[in-house]
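Residue strings, one per chain:
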Amino acid sequence: MELSRILYSGTKNASSWAMRAWLALREQEIPFEEYVVDIRRPQRLENLARIAEFSAPAAVPVLVDEGVVIFDSLAIMEYASELGPHALLPADIRLRAHTRSLLAWVHSGLSGLCSSISFESSFYPEPGVLTEAEAKEAKRIFAVWEQELANSGGPYLAGELSLADLAFVPVVRRLLSRQPDLASWPLTMAWSARLMARPSVVEWMQVAEALPPVISDE
Ligand SMILES: N[C@@H](CCC(=O)N[C@@H](CS)C(=O)NCC(=O)O)C(=O)O
């Protein structure tokens, strides 16, 4: 019998949360059918109302796996990590907890950076420049990545590729679109290039970059 697994994803140049879940499934080579929910206005509300019929948060992503509804990118990412052939969280219990902290930090808005720099804007022909406060916060995040990579020895934040790296992909995209000078953070520079070159990331971005720009809500 064929497996039924549908990911309700979102408009690819506007859905950073959907992207994270999608990347985790792709990285684990978990087969799924994708249903792209158009979250652009004005159709957004009507489309999300349909999602609300089976998923309480009325948001994407949602994975419906054999009839079981798994909502929220974090839950889907953890499921992908458990279901696929290579866990996307470290085996060591302390390292795993630390990696989950990074994931949780992204999930709780990365100290406000995600709401001030929209994912949508990273696809604009001229994404604009960082404010002084954003540039300061970006530098702090580059330094955090640099330290994580130095501690683990790379090539990813926790050594091997983990959910933390995947969760940061839309953040890297946002920040790199503003063309920061990463010379002071060489490990971060190499890691971000490595991450953005992963076939899963390239696959999503190729579709996202071909779409008409979306004016963000913020
Ligand atoms: N915490 C949720 C956030 C999901 C989310 O905000 N998704 C956006 C698209 S990327 C959405 O559907 N927004 C519609 C809304 O909340 O009205 C997750 O991680 O899945």
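Throughout this document, residue positions are counted from 1 along each chain, in the order its sequence is written. In keeping with the predicted nature of the model, local features appear solely for residues at pLDDT of at least 70, side-chain atom pairs appear and are counted solely at 80 or more, and the whole-chain, interface and lining totals rest on all residues. As a convention, hydrogens and water are excluded, and side-chain values are obtained from all of the structure's heavy atoms.

Draft legend 1. Layout of empty space enclosed by the protein. Detection works on a 1 Å grid of protein atoms alone, calling trapped sets that fit a 1.4 Å probe cavities and calling open sets with protein on both sides within 12 Å along at least five of seven lines pockets, with lining residues defined by an atom within 4 Å of a point. Grid points are joined across faces, edges and corners, and a volume is the space filled by probe spheres set on the points. Inspection of every chain in the model, using the stated rule, returns one cavity of 30 Å³ or more. Approximately 40 Å³ is the volume attributed to the largest cavity. What lines the largest cavity is Trp17, Arg20, Ser73, Leu74, Met77, Leu103, Val106, His107 and Ala167. Elements that contribute at least two residues to the lining of the largest cavity include exactly helix H1 (16-27), helix H3 (73-83) and helix H4 (93-107). Throughout, the ten residues Ala, Val, Leu, Ile, Met, Phe, Trp, Tyr, Cys and Pro are labelled nonpolar, Asp, Glu, Lys and Arg are labelled charged, and all others, Gly among them, are labelled polar. When grouped by side-chain class, the residues that make up the lining of the largest cavity number six nonpolar, two polar and one charged. The split of the chain into domains comes from an automatic or database domain assignment. There are two domains that each give the lining of the largest cavity at least three residues, and those are domain 1 (5-86) and domain 2 (93-202). Helix and strand assignments follow DSSP, with helices taken as H or I runs no shorter than four residues and strands as E runs no shorter than two, numbered in order from the N terminus.

Draft legend 2. View of the site of the ligand. Residue proximity to a molecule or strand is established when one non-hydrogen atom of the residue lies within 4 Å of it. In the vicinity of the ligand, the contacting residues are Ser15, Ser16, Trp17, Ile39, Arg44, Leu48, Ala59, Val60, Pro61, Asp72, Ser73 and His107. By the criterion applied in these results, polar contacts are pairs of N or O atoms within 3.5 Å in which, for protein atoms, one can donate a hydrogen and the other can accept it, and in which residues neighboring in sequence qualify only through two side-chain atoms. With respect to the ligand, the side chain of Ser73 contributes an N or O atom lying 2.6 Å from an oxygen atom. To be clear on the numbers: accessible area is Shrake-Rupley with a 1.4 Å probe, and residue cover counts the displayed protein chains and nothing else. When isolated, the ligand has an accessible area of 500 Å², and the protein chains bury 73% of it. Placement of the ligand is best described as lying within the largest pocket. Listed by contribution, the elements that provide at least two residues to the shell around the ligand are H1 and helix H2 (43-52). Looking at the shell around the ligand residue by residue, the classes come out as six nonpolar, four polar and two charged. Any molecule with more than half of its atoms within 2 Å of a cavity's or pocket's grid points is regarded as sitting in that cavity or pocket.

Draft legend 3. Examining the layout of surface pockets more closely. Within this model, the largest pocket holds a volume of roughly 620 Å³. If you trace the largest pocket, you find 30 residues lining it, with Ala14, Ser16, Trp17, Ile39 and Arg44 closest to the centre. For the lining of the largest pocket, the secondary structure elements donating two or more residues are H1, H2 and helix H5 (113-116). Per element, the largest residue contribution to the lining of the largest pocket is four residues, and it comes from H1.

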